[in-house]
Amino acid sequence: ICAEYSYNGRSTGGFGSYIHNIAQTLVNLGHSITIICQGNTDDYIKFQGIKIYTIKRIFSFHKNIFNYFPLSIIKRIGDFIAYPFLFSYFSAQLLEQLNSKSKFDIVEGGDFAGELFFYLLKRHSTLPKIIIKLHTPSFLIRKYSQERKSLFYLIIEKIEMYCLRKVDALYSPTRSLAHI
């Protein structure tokens, strides 16, 4: 599960690049990989041997008119609902549907924004095993970007902590991040 997964030249951030690289490596080693990410449409494609399911962003407020108060609040709330909440909800539904047919061994997601939240919330089995790769949680982004504590970030932090406590395993690229 990685909303920002890069395919067909789509730009991405660090976690999306990591997922792209690890997925391609695992496919090259003979493993079957399925990615659930965000896209412009609900779609399924097979790209470089990887099954990719895209979940359409339900709504997006990116017009200049929403940059003025109080409409900027509407834009922020809409964006917050679209991601991470709706992406997490629809990816959990899709993951359950796909797992009922394919029986995944492992599901991996990142720590940022709790993309596995709804799947973990209604998880009723210990299979597949759920792993979160520590990458950059929102509280670290906020701290190093010197952003203020907003209600949105506080909610996201609680969701991230819930996910970190509910998964079967965590792994970190550094000891420093694991310690934090």
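Quick look at the structure, then. Each chain has its residues counted from 1, running along the sequence as written. In view of the model being predicted, local features appear only for residues whose pLDDT reaches at least 70, and side-chain atom pairs are presented and counted only at 80 or more, with totals across whole chains, interfaces and linings using the full set of residues. Excluded from the side-chain calculations are hydrogens and water; all other atoms, namely the structure's heavy atoms, are used.

All right, on to the packing of aromatic side chains then. In summary, the pairing rule links any two rings of Phe, Tyr or Trp, Trp by its six-membered ring, whose centres are within 6.5 Å, and it sorts them by plane angle into stacked for under 30 degrees, edge-to-face for over 60 and tilted for everything else. For the structure shown, the criterion picks out nine aromatic pairs. Note on Tyr 89 and Phe 90: the rings are 5.2 Å apart at their centroids and 75° apart in plane angle, and the pair reads as edge-to-face. The exposure class assigned to Phe 90 is partly exposed, which follows from its relative accessible area of 29%. Through pairs of rings, three or more aromatic residues link up here, namely Tyr 89, Phe 90, Phe 117, Phe 118 and Tyr 162. Placement of a charge over a ring requires the Lys NZ or Arg CZ to be within 6 Å of the ring centre, with the centre-to-atom vector within 35 degrees of the ring normal. Here Lys 133 stacks its cationic end above the ring of Tyr 18, 4.6 Å away from the centre of that ring. Working definition: with a 1.4 Å probe on protein chains only, accessible area under 20% of the residue-type maximum means buried, over 50% means exposed, and in between means partly exposed.

When a carboxyl oxygen of Asp or Glu is within 4 Å of a side-chain nitrogen of Lys or Arg, the pair counts as a salt bridge. Throughout the structure, instances matching the rule amount to four salt bridges. Arg 123 serves as the salt-bridge partner of Asp 168, at 2.6 Å between the closest nitrogen and oxygen. Within this pair, whereas Asp 168 is found in the loop between helix H5 (151–166) and strand E6 (169–171), its partner Arg 123 is found in the loop between helix H3 (117–121) and strand E5 (129–133), the two being separated by 45 residues in sequence. A salt bridge links Arg 142 to Glu 157; the shortest N-O distance between them is 2.0 Å. Pair noted here: Arg 142 is in helix H4 (residues 138–145) and Glu 157 is in helix H5, with a separation of 15 residues, a long-range link. Assessed through its relative accessible area of 9%, Arg 142 is described here as buried. Under the DSSP-based scheme used, a helix requires at least four consecutive residues in state H or I and a strand at least two consecutive residues in state E, with every element numbered from the N terminus.

A few words on the sheet that holds E6. Strand pairing requires that DSSP identify at least two bridges connecting the strands. If you walk across this open sheet you meet the three strands as E4-E5-E6, and the pairing is parallel. Either end of the sheet is taken by a strand with one partner, and the two such strands are strand E4 (106–110) and E6. Between one strand and the next, the sheet's axes are offset by a mean angle of 25°, whatever the strand orientation. Across three bridges, E5 lies against E6 in parallel orientation. When the bridges of E6 are listed, Ile 132 appears paired with Leu 170. It only takes one pair of heavy atoms within 4.5 Å for two residues to be counted as in contact. Interaxial angle, 0 to 180 degrees, is taken between N-to-C directions of lines fitted to C-alpha atoms, where a helix line uses only the stretch in contact. Sitting on the sheet, helix H1 (residues 14–28) touches E4, E5 and E6, and the angle it makes with E4 is about 155°.

Within the secondary structure layout, Ser 6 lies in the segment before H1. For Ser 6, a relative accessible area of 14% translates into the label buried. Residues contacting Ser 6, with those up to four places away along its chain left out, are Thr 12, Gly 16 and His 20.

Any link to function would need more than the numbers given here.
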